[in-house]
Amino acid sequence: MTFWWMASAAWAVLPPCAPLSGEHIVTLGITAHGHSFGGLGIVEFREPDWTFTALSPAGPAMFTIQHIAGETQVWSAFPEWTPWLAAMPFDRDLRLIHSEDRSTCSAGTGRLVVRPDRQLWRGAPGPARVVVREDGARVLTDSWRGYTLTMKASEGAR
């Protein structure tokens, strides 16, 4: 019981994670719910809001997800994708992938745990981890939902 209390108290005093800001252009890959696709992604942060747009290799938008004023909206060129896209916790995932934090911090409903070889999310909406590959791509795995999200900064992008 004492260990649990000490662990809970340690989480409560974690510093807040740094706010995310700016526009990021990434190559991306998503494997989820029997779908696997890649393309170009544009992620824009203006905390607490964000927008994530996935473009097909040919250029048109495959989907856009916006989180504005606490509400998340999903638009997809493929209406059958909308339910599973809406179920993915992009708020957690984009924070985890784009975080520049170098130490463990608290963020909303969870905490970002920084390890030398990976970053972990602990808290709602469930655990996830990010590993940085040798080529610089950041690979997020969500074992509860069974999907993988890969993002790598595009050459020449900010």
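These remarks concern the structure in this document.

Procedures and definitions
- Residues numbered from 1 in each chain as written.
- Predicted model: local features only at pLDDT ≥ 70, side-chain atom pairs only at ≥ 80, totals over all residues.
- Heavy atoms only, no water.
- Disulfide = S-S within 2.5 Å.
- Helix = DSSP H or I, 4+ residues; strand = E, 2+ residues; numbered from the N terminus.
- Salt bridge = Lys/Arg side-chain N within 4 Å of Asp/Glu carboxyl O.
- Buried < 20%, exposed > 50% of the residue type's maximum accessible area, 1.4 Å probe, protein only.
- Contact = heavy atoms within 4.5 Å.
- Polar contact = N/O pair within 3.5 Å; in protein donor to acceptor, adjacent residues only side chain to side chain.
- Pairing = 2+ DSSP bridges.
- Phe/Tyr/Trp six-rings, centres within 6.5 Å; stacked < 30°, edge-to-face > 60°.

Right, let's talk about the state of the cysteines for a bit. Here a disulfide denotes a covalent bond joining the sulfur atom of one cysteine to the sulfur atom of another. In this structure the tally under the stated criterion is 1 disulfide. Here Cys17 connects covalently by a disulfide to Cys105, the sulfurs 2.0 Å from one another. Here Cys17 and Cys105 share a disulfide; its torsion about the S-S bond, 90°, makes the bridge right-handed. Of this pair, Cys17 sits in the loop between α1 (2-12) and β1 (21-32) while Cys105 sits in strand β6 (residues 105-107), and the two are 88 residues apart along the sequence.

Inspection of the entire model under this criterion finds 8 salt bridges. As a salt-bridge pair, Arg46 and Glu44 come within 2.8 Å of each other at their nearest N and O atoms. Given the relative accessible area of 60%, Arg46 is considered exposed. Since its relative accessible area comes to 25%, Glu44 is described here as partly exposed.

Turning to its location among the elements, Thr150 is positioned in strand β11 (residues 147-153). Residue classification places Thr150 among the buried positions, given a relative accessible area of 18%. In this structure Thr150 touches Thr27, Leu28, Gly29, Arg133, Ala137, Arg138 and Val139, once residues within four positions along its chain are discounted.

Before going further, it helps to spend a moment on the side chain of Thr53. As for its placement among the helices and strands, Thr53 is situated in strand β3 (residues 49-55). Polar side-chain contacts of Thr53 include one of 3.2 Å to the side chain of Thr64. Beyond its immediate chain neighbours, meaning those up to four positions away, Thr53 contacts Leu40, Gly41, Ile42, Ala61, Phe63 and Thr64.

On to the pairing of strand β4 (residues 61-68). By the bridge criterion, 6 bridges tie β3 to β4 in an arrangement that is antiparallel. The residue of β4 that forms the bridge with Ala54 is Phe63. Connecting the antiparallel pair β3 and β4 is a turn made up of 5 residues, with Gly59 showing a positive phi of about 120°. Across 6 bridges, β4 lies against strand β5 (residues 71-76) in antiparallel orientation. Bridge pairing links Thr64 to Trp75 in β5. Linking β4 to β5, which pair antiparallel, is a turn of 2 residues; within it Ala69 sits at a positive phi near 50°.

Looking now at the packing of aromatic side chains. Under the definition given, this model contains 8 aromatic pairs. Ring centres of Phe37 and Phe63 lie 6.2 Å apart, and the angle between their planes is 80°; this geometry places the pair in the edge-to-face category. Separated by 26 residues along the polypeptide, Phe37 in strand β2 (residues 35-46) and Phe63 in strand β4 bring together distant segments of the chain. Judged by relative accessible area, Phe37 falls into the buried class, the value being 14%. Geometrically, the ring pair formed by Phe37 and Trp81 is stacked, given 4.7 Å between the ring centres and 15° between the ring planes. Here Phe37 is found in strand β2, whereas its partner Trp81 is found in the loop between β5 and α2 (82-87), with 44 residues between them in sequence. Both residues of the pair, Phe37 and Trp81, belong to the buried class. Put simply, the rings of Phe37, Phe52, Phe63, Phe78, Trp81, Trp84 and Phe90 pair up and form one aromatic cluster.

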